[in-house]
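Here are the chains, one letter per residue:
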Amino acid sequence: MPTYELTSPLKDEDVAKLRAGDVVKLSGTIYTARDAAHKRLCDMLDNNEKLPFDLKGAVIYYVGPSPAPEGRPIGSAGPTTSYRMDTYAPRLHGLGVKASVGKGKRSPEVRKALQEHIGVYFGATGGAGALLSQCITAAKVIAFDDLGPEAIRELTVENFPLLVVNDSHGNEQYAKPNFEF
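For every chain, the first residue of the written sequence is number 1, and numbering continues from 1 along that sequence. Selection of residues for local features in this predicted model requires a pLDDT of at least 70, selection of side-chain atom pairs for listing and counting requires 80 or more, and totals for whole chains, interfaces and linings are taken over all residues. The side-chain quantities take in all heavy atoms of the structure and omit both hydrogens and water.

Peer 1: So what's going on with helix H2 (residues 35-46)? Residues and values would help.
Peer 2: Over its twelve residues, H2 extends 16 Å from the first C-alpha to the last, a length consistent with the 16 Å expected when each residue adds 1.5 Å. When we look at burial in H2, the residues that qualify are Ala37, His38, Leu41, Cys42, Met44 and Leu45. Buried residues along H2 cover an arc of 155° about the axis, so they all sit on one side. Every residue pair with non-hydrogen atoms within 4.5 Å of one another is taken to be in contact. Secondary structure counts use DSSP, requiring at least four H or I residues in a row for a helix and at least two E residues in a row for a strand, with both numbered from the N terminus. Residues of H2 that are buried make contact with strand E3 (59-61), helix H3 (89-94) and strand E7 (152-166). Where H2 ends, the next residue or the one after it, Asn48, has phi of about 55°, a positive value. One fewer than the residue count of a helix, multiplied by 1.5 Å, yields its expected span. Working definition: with a 1.4 Å probe on protein chains only, accessible area under 20% of the residue-type maximum means buried, over 50% means exposed, and in between means partly exposed. The arc in question is the one spanned by the directions pointing from the helix axis to the C-beta atoms.

Below, the structure is given as structure tokens:
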């Protein structure tokens, strides 16, 4: 399976070349958000409020990290189950989000949105949150601090290992990738 090194924010041409089963090592800025944060983002959109980050080219990681140990920017940061965000994800992809990261299968509506808006769904290895956190070099809360671990964080990642699960061509892959940390 091909391996790509990409930097976020992502562009259409970055995403369009990816196929289900490809491995991606992602660097750059990504944002954390789970279901409560997604609902608030959509409420903000409904009220014509400014969002806490630019959706264009954004990568959203479905994670609720543990507290940072001394000397680290973040604690364990493993993916959460993605289907809880499926109500909100098509709208966010329509507004520019290029990728989401989580675990588990996505709804037909999300897969359709990925095709319509040139998006991708990445799988991160569940149960490997401590290892994944080693690829996170900076983390800061940028919105909804009251949500605790589910607040929106801006993360800086380096060579964050991902598997393309759903691509913009309608393909899906649920295999175990061969990652090197």
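Now that the structure is up, let's keep going.
Peer 1: Run through the environment of Ile118, naming residues and quoting values.
Peer 2: Relative to the helices and strands, Ile118 is located in the loop between helix H4 (108-117) and strand E5 (120-123). Separated by 51 residues in sequence, Ile118 and His169 place their C-alpha atoms 8.2 Å apart. What Ile118 contacts, discounting residues up to four positions off in sequence, is Asp12, Val15, Ala16, Lys98, Ala113 and Ser168.

Peer 1: Go over the pairing of strand E2 (residues 23-32) with me, naming the residues and quoting the values.
Peer 2: Within E2, eight of the ten residues are buried, leaving the element largely enclosed by the surrounding structure. Two strands qualify as a pair provided that DSSP identifies no fewer than 2 bridges between them. Where strand E1 (residues 3-8) and E2 come together, six bridges link them in parallel fashion. Note that in E2 the partner of Glu5 across the bridge is Lys25. Pairing analysis gives eight bridges linking E2 to E7, with the strands arranged antiparallel. Counterpart to Val23 in the pairing with E7 is Leu163. Where E2 and E3 come together, two bridges link them in parallel fashion. Bridging across to E3, Tyr31 finds its partner in Ile60.

Peer 1: An account of empty space enclosed by the protein is needed here, citing residue identities and associated values.
Peer 2: Grid points spaced at 1 Å and placed over the protein atoms alone form the basis of the search, with a cavity being a set where a 1.4 Å probe fits but cannot get out and a pocket an open set showing protein on both sides within 12 Å along at least five of seven lines. Lining residues have an atom within 4 Å of a point. Grid points are joined across faces, edges and corners, and a volume is the space filled by probe spheres set on the points. Enumeration according to the criterion identifies one cavity of 30 Å³ or more in this entry. One number sums up the size of the largest cavity: a volume of about 40 Å³. Looking at the largest cavity, the residues that line it are His38, Ile60, Tyr62, Ala89, Leu92, His93, Val97 and Ser100. The leading source of residues in the lining of the largest cavity is H3, at three residues. Nonpolar residues are Ala, Val, Leu, Ile, Met, Phe, Trp, Tyr, Cys and Pro. Charged residues are Asp, Glu, Lys and Arg, and all others, Gly as well, are polar. Looking at side-chain class alone, the lining of the largest cavity contains five nonpolar, three polar and no charged residues.

Peer 1: So what's going on with the nonpolar core? Residues and values would help.
Peer 2: Within the largest apolar cluster, 25 residues are counted, with the highest numbers of intra-cluster contacts made by Leu26, Tyr61, Phe122 and Phe160. Elements that contribute at least two residues to this core include exactly E2, E3, strand E4 (99-102), E5 and E7. Per element, the largest residue contribution to this core is five residues, and it comes from E7. One finds Ala37, Ala89, Leu114 and Tyr121 within the second-largest nonpolar core, a separate group that totals 23 residues. Among the buried residues, those of types Ala, Val, Leu, Ile, Met, Phe, Trp, Tyr and Cys that are joined through side-chain atoms within 4.5 Å form a nonpolar core.

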